[in-house]
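# A closer look at the structure
So you can see what is in the structure, the chains are spelled out below.
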Amino acid sequence: SASRLQFHTQLAHGSPTGRVEGFGSARELYAKIAEAFGIAPAEIMFCTLNTHKVDMDKLLGTQIGLEDFIFAHIKGQRKEVEVLKSDDLLGLTVTDNGTGCAFIKRIREGSLMDQIKTICVGDHIESINGKNVSDCRHYEVAKMLKDLEKGQMFKLKLIEPMKAFEKVEPRSTGGTLTETKISRGRETLRLRAKGPATVEEMPSEVEEKAIKKVDELLETYMGIRDIELAATMVEAGRDKKNPDEFAVALDETLGDFAFPDEFVFDVWGAIGDAKQGRL
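About the criteria used
- Residues numbered from 1 in each chain as written.
- Predicted model: local features only at pLDDT ≥ 70, side-chain atom pairs only at ≥ 80, totals over all residues.
- Heavy atoms only, no water.
- Helix = DSSP H or I, 4+ residues; strand = E, 2+ residues; numbered from the N terminus.
- Rg over C-alpha atoms; globule rule 2.2 N^0.38 Å.
- Buried < 20%, exposed > 50% of the residue type's maximum accessible area, 1.4 Å probe, protein only.
- Contact = heavy atoms within 4.5 Å.
- Areas by Shrake-Rupley, 256 points an atom, 1.4 Å probe, with all protein chains shown as cover.
- UniProt positions renumbered as here; feature names shortened; annotations may be inferred.
- Pairing = 2+ DSSP bridges.
- Axes fitted to C-alpha atoms, helices over the stretch in contact; angles between N-to-C directions.
- Phe/Tyr/Trp six-rings, centres within 6.5 Å; stacked < 30°, edge-to-face > 60°.
- Salt bridge = Lys/Arg side-chain N within 4 Å of Asp/Glu carboxyl O.

In terms of helices and strands, the protein carries 6 helices and 12 strands. For 279 residues, the compact-globule formula gives about 19 Å, and the C-alpha radius of gyration of the protein, at 19 Å, lands near that figure. A burial count over the protein gives 48% of its 279 residues as buried. Long-range contacts, defined here as pairs at least 24 residues apart, represent 62% of the contacts in the protein between residues at least 6 apart. Approximately 13,700 Å² of the protein is accessible, and the part contributed by carbon and sulfur atoms is 49%.

With that settled, the discussion passes to the UniProt feature "domain: PDZ" (unreviewed entry) in the protein. Taken from the UniProt record, the annotation "domain: PDZ" (unreviewed entry) applies to residues 80-147. A helix fraction of 15% and a strand fraction of 34% characterise residues 80-147, whose end C-alpha atoms lie 20 Å from each other.

Notably, Asn50 is not glycine yet its phi reads approximately 65°, a positive angle. Judged by its relative accessible area of 47%, Asn50 is partly exposed. Here the phi dihedral of Asn129 falls at roughly 50°; this positive angle occurs in a residue that is not glycine. Here Asn129 is to be found in the loop between strand S8 (124-128) and strand S9 (131-132). For Asn129, a relative accessible area of 45% translates into the label partly exposed.

Quick look at the sheet that holds strand S11 (residues 187-190) now. The 3 strands lie next to each other as S4-S11-S12, forming an open sheet whose pairing is antiparallel. Both edges of this open sheet fall to strand S4 (63-65) and strand S12 (198-201), since each of them pairs with a single strand only. Averaged over all adjacent pairs, the angle separating strand axes in this sheet is 40°, with direction ignored. Summarising the sheet, S11 and S12 pair through 4 bridges and their orientation is antiparallel. The residue of S12 that forms the bridge with Thr188 is Glu200.

Under the defined criterion, the tally for this structure stands at 8 aromatic pairs. With centroids separated by 5.8 Å and ring planes inclined at 45°, the aromatic side chains of Phe7 and Phe23 adopt a geometry described as tilted. Linking Phe7 in strand S1 (residues 6-11) with Phe23 in the loop between strand S2 (18-21) and helix H1 (26-37), this pair joins segments that are 16 residues apart in sequence. Feature note: the residues Tyr139, Tyr221, Phe257, Phe259 and Phe263 constitute an aromatic cluster, connected by ring pairs.

Moving on, we get to the pairing of strand S5 (residues 70-84). Here 3 bridges tie S1 to S5, and the two strands are oriented parallel to one another. Considered in S5, the bridge of Gln10 is made with Phe71. With 5 bridges connecting them, strand S3 (residues 44-49) and S5 associate as antiparallel partners. Residue Phe46 lies in a different strand from S5, and its bridge partner there is His73. In this structure, S5 lies alongside strand S10 (residues 153-161), joined through 8 bridges in antiparallel fashion. Along S10, the bridge assignment pairs Glu80 with Lys157.

Overall, the coordinates contain 21 salt bridges when judged by the stated rule. Measuring nitrogen to oxygen at the nearest pair gives 4.0 Å for the salt bridge that ties Lys209 to Glu205. Remark: Glu205 and Lys209 occur in helix H3 (residues 205-222); sequence separation between them is 4 residues, near one turn of the helix. Note that Glu216 is salt-bridged to Lys212, the shortest N-O span being 2.6 Å. Here the residue Glu216 and the residue Lys212 both occupy positions in helix H3, the gap between them amounting to 4 residues, near one helical turn. Its relative accessible area of 24% is what places Glu216 among the partly exposed residues. Judged by its relative accessible area of 24%, Lys212 falls in the partly exposed class. A network of salt bridges, in which partner residues are shared, links Arg106, Arg108, Asp215, Glu219 and Arg225.

Below, the structure is given as structure tokens:
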């Protein structure tokens, strides 16, 4: 059963190996890892699978393979940076760990933020213009950044993940489901924001393509990337017959996001395209 599964874990910057079991959500997993290493759960920024590097292609999302090794990245050095918003688009894509830690998943090459070398993939956004956003969801943080006035200076307080001495991954690393090498035919633990974790087969190729496309739509419309959210949306559309039924299902499970109608329609189209083999 899911509750009896045991996973090996280490702190990404270096630690003995611990074991975690008996968790049903990302929040419970972080609490178990924190307990194993004697740290506060809030110190954990995000986890990667099978690599200690800050590699957004290996970010822990909804699926943990039963043989996967979990590396927890914890808060390291704090830094402040002032930025002139000279462009409407900052070039940041934000995600979060599901427990109140929004961090930078991607920095678009050639963008305004790409020119500021102290801002890196993996950095937790702690505050924007003095407003603490540590407990905000990624879509709230992305909206605050988007709403900053063009032509004005703004200040970010960031926390970078604690690093060992190795060179970290390239700053432009993006992270999509297809870039992550998934071995088919093996069981995984499926974490859910609501409800217990379940052991199930890997997503089908059709679902993988739909999830990848929905993740891209999330970035386009909302400036966030979130494989768990994309997977939940694809799941919600699995047995729906039309976009109206799909919109009702999204409102019931993800009402907090207040998705625009155009976005919901595009997501429905992406799920249909995947089912029809058009992706």
